Amino acid sequence: MKSLTHTFLYTGVFCLTLSGCNLSDVTGAAESLDGTNINPKVVESPEGAQWTYLGGVAKFSKYFAYQASRVAYFTDELALLPTRMQAAVDSRVQTLQGSGSYIAEDEAINQAQSTRVQLMQAIQLLDKFYGNEANTMRAHAYGLLSMVHIMLADNFCSGIPLSESKWGGAFTPGAGYPTDSVYHRALSYAEKGLTYSTDSVPVKVLLLGAKARALNALGKFEEAAAVVAQIETRDTVGEIFQAQLPAGSTVRFYPVHGLDTVAYNVLNEKGENGIVWVADSVKKQDMRVPMRMTAGNTDFQYPLKPQFLFTSRRVAFFSGVEARLIEAESHLHLDEINEFINKINSVRRLYRTLGGVALADTVDPGTPEGRVNLLFRERAYTFYIAGRRLGDMRRLVRQYNRLPDSVWPVGQSEGSQFIMYGANYVFSPEVPGMGRESSYNNLYYECESYDP
């Protein structure tokens, strides 16, 4: 296995390659280059090309965090407390007049489209004003662009519009792309990024990871495993989420990414089908699903078992740990059961419980169904609240022939409205007539399919 040096990529640290800019510079770029108040005379310059790129980096970080929170309670990762009234997204029920019953994720799709367009324009400007000295920025932008498309394909319905907005050019409408086509786009962007020569190990990990993830989502498991063989387990490209918690806070989570900080709980077996996330004691709690006690409780007690993932931990865009799980899935499809179990255990040995006890090796469940359950349970724990769960749940239906009602929560929801879980399995891109695509794109109206 070819080794890549262990490192992290944060927006602030990576930006240091550009004349000493920092995280506040990146945030400022996102705010000033929001697509609505751009001065072309300023941006149409070498410095403007850099700022457009940095704004795209910042927008990606914001979109990544926001989408992760939405995925968390649309799936089984978080549940609405019974004392709360809002239940639409948590229960996967929301009816839009004249458009059927589905969830409308306007903010998430707007962030995704804005990030996608800005990264594409950044590449165009870098091409115009720079030579090979901008290769790392170009490669990085292509990697993030690939990841944006993977998240679109993972989380939204089939038929996503991908219109073009070239710098200095007209808006070119695009028809809705089926899910597989969006994954293929992600794959092409990753491969394009890999054509640039760069000494940046995090950028290489990002590009290889995006390529492998797209291949895996397309069911090309052996090809995906071959790609990640170049990535060491310790290699990670990720982001730190700054939560800005009040001093001494012990019960809040997701305070800056749109989630009501006191409304959501972590339930075991949410809606019957959900995973068992929470152990019966702190000592046994898998550290991949980080929890802590609320004030006055001696252990994980109702009504709140707050997780602190976004307040104290790095969340990876891609990691060497995911590489090993992609290899495990390839072994599973090749019926190489010993190798499959060994890969699973190689990941488990990296973690402990919150009580400091090393996770024990697992054994072969003995049946094809049990092995799939094991793989996706390990993926669920490893990628807890990292925006990955919805894509995996959809893959269980598409690639493993599971029935949706055996994957998503069913029955009565936990919200105070006590409504039944809906049959929405994906996010809708936008309310018809309320977004850029459905308002100005005459080739697109709404998704072709809301199936998993």
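Residues numbered from 1 in each chain as written. Predicted model: local features only at pLDDT ≥ 70, side-chain atom pairs only at ≥ 80, totals over all residues. Heavy atoms only, no water.

**A closer look at the overall build of the protein chain**
Scanning the protein chain from N- to C-terminus turns up 15 helices and 10 strands. When each of the 452 residues of the protein chain is scored for burial, the buried share is 58%. As displayed, the protein chain offers around 18,100 Å² of accessible surface, 52% of which is attributable to carbon and sulfur atoms. (Helix = DSSP H or I, 4+ residues; strand = E, 2+ residues; numbered from the N terminus. Buried < 20%, exposed > 50% of the residue type's maximum accessible area, 1.4 Å probe, protein only. Areas by Shrake-Rupley, 256 points an atom, 1.4 Å probe, with all protein chains shown as cover.)

**Description of the pattern of salt bridges**
Scanning the model with the defined rule gives 19 salt bridges in all. With its nearest N and O atoms 3.5 Å apart, the salt bridge here joins Glu164 to Arg185. Of this pair, Glu164 sits in strand E4 (residues 164-165) while Arg185 sits in helix H7 (residues 179-193), placing them 21 residues apart in sequence. The buried category is assigned to Arg185, whose relative accessible area is 17%. Glu327 is paired through a salt bridge with Lys343; the nearest N and O atoms lie 2.9 Å apart. Linking Glu327 in helix H11 (residues 320-333) with Lys343 in helix H12 (residues 337-348), this pair joins segments that are 16 residues apart in sequence. Looking at Glu327, the relative accessible area reads 7%, which means it is buried. The network of salt bridges with shared partners includes Asp286, Arg288, Arg348, Arg377 and Glu378. (Salt bridge = Lys/Arg side-chain N within 4 Å of Asp/Glu carboxyl O.)

**Some details on the nonpolar core**
Counting 91 residues, the largest nonpolar core has Leu152 and Phe318 as the members making the most contacts within it. Not counting the four nearest positions on each side in its chain, Phe318 is found in contact with Met147, Val205, Gly209, Arg213, Val228, Ile231, Thr236, Val237, Ala323 and Ile326. In this structure, Ile275, Trp277, Val278 and Met291 belong to the second largest nonpolar core, which totals 15 residues. (Core = buried A, V, L, I, M, F, W, Y, C linked by side-chain atoms within 4.5 Å. Contact = heavy atoms within 4.5 Å.)

**A look at unusual backbone geometry**
A positive phi angle, near 75 degrees, is found at Glu272, a position not held by glycine. Assignment of secondary structure puts Glu272 in the loop between strand E8 (264-265) and helix H10 (309-312). You will see that Asn401, though not glycine, has its phi angle at about 60 degrees, which is positive. Relative to the helices and strands, Asn401 is located in the loop between helix H14 (389-398) and strand E10 (427-428). Taking the relative accessible area as the measure of exposure, Asn401 reaches 67% and is therefore exposed.

**Examining the packing of aromatic side chains**
Scanning the entire structure with this criterion turns up 11 aromatic pairs. Joined through ring pairs, the aromatic side chains of Phe60, Phe64 and Phe317 make up one cluster. Geometry around Tyr381 places Arg377 over its ring, the cationic atom sitting 4.2 Å from the centre. (Phe/Tyr/Trp six-rings, centres within 6.5 Å; stacked < 30°, edge-to-face > 60°. Lys NZ or Arg CZ within 6 Å of the ring centre and 35° of its normal.)

**Some words on the state of the cysteines**
Evaluation of the coordinates by the stated rule reveals 1 disulfide. A sulfur-sulfur separation of 1.8 Å characterises the disulfide bridge that pairs Cys157 with Cys447. On the sign convention where negative is left-handed, the bridge of Cys157 and Cys447, at about 50 degrees about the S-S bond, is right-handed. In this pair, Cys157 sits in the loop between helix H6 (135-155) and strand E3 (160-161) while Cys447 sits in the segment after helix H15 (436-440), placing the two residues 290 residues apart along the sequence. Judged by relative accessible area, Cys157 falls into the buried class, the value being 0%. (Disulfide = S-S within 2.5 Å.)

**Some details on the side chain of Ser319**
Within the fold, Ser319 resides in strand E9 (residues 314-319). Residue class for Ser319 comes out buried when judged on its relative accessible area of 10%. Leave out the neighbours within four places in its chain, and Ser319 touches Asp235 and Thr236.

**A closer look at the environment of Arg348**
Mapped onto the fold, Arg348 is located in helix H12. Given the relative accessible area of 12%, Arg348 is considered buried. Here Ala360 takes part through its backbone oxygen, which lies 2.8 Å from a polar atom of the side chain of Arg348. (Polar contact = N/O pair within 3.5 Å; in protein donor to acceptor, adjacent residues only side chain to side chain.)

**Focus: the side chain of Arg389**
Here Arg389 is to be found in helix H14. A relative accessible area of 6% means that Arg389 is categorised as buried. Here the side chain of Arg389 touches Asp76 through a polar contact of 3.0 Å, side chain to side chain. Not counting residues up to four positions away in its chain, the partners in contact with Arg389 are Val71, Thr75, Asp76, Glu77, Ile275, Trp277, Phe376 and Ala380.

**Concerning the confidence of the model for the protein chain**
Looking at the protein chain, the pLDDT average stands at 78 and 72% of residues meet or exceed 70. Low pLDDT, under 50, characterises residues 1-37; the predicted model gives this stretch 83 contacts beyond four residues in sequence or across chains. Scored below 50 in pLDDT, residues 97-102 makes 15 contacts in the model with residues more than four places away or belonging to other chains. (pLDDT = per-residue confidence, 0-100.)

**Regarding helix H9 (residues 221-228)**
For H9, every residue scored as buried is listed here: Phe221, Ala224, Ala225, Val227 and Val228. The buried residues of H9 occupy an angular sector of 160 degrees when projected down its axis, which confines them to one face. Across from the buried face of H9, at angles greater than 90 degrees, the exposed residues are Glu222 and Ala226. (Arc of directions from axis to C-beta.)

**Quick notes on the packing of helix H8 (residues 201-217) against H9**
Viewed as axis vectors pointing N to C, H8 and H9 meet at an angle of 165 degrees, and their least axial separation amounts to 8 Å. On the basis of their axis angle, the class for H8 and H9 is roughly antiparallel. Considering the relative orientation of H8 and H9, their crossing is left-handed. Across the interface between the two elements, Leu208, Lys211, Ala212, Leu215 and Asn216 from H8 touch Phe221, Glu223, Ala224, Val227 and Val228 from H9. The residue inventory of the contact of H8 with H9, partitioned by class, reads 7 nonpolar, 1 polar and 2 charged. (Axes fitted to C-alpha atoms, helices over the stretch in contact; angles between N-to-C directions. Parallel < 35°, antiparallel > 145°, perpendicular 65-115°, else oblique. Left-handed = near helix turned anticlockwise from the far one by under 90°. Nonpolar A, V, L, I, M, F, W, Y, C, P; charged D, E, K, R; others polar.)

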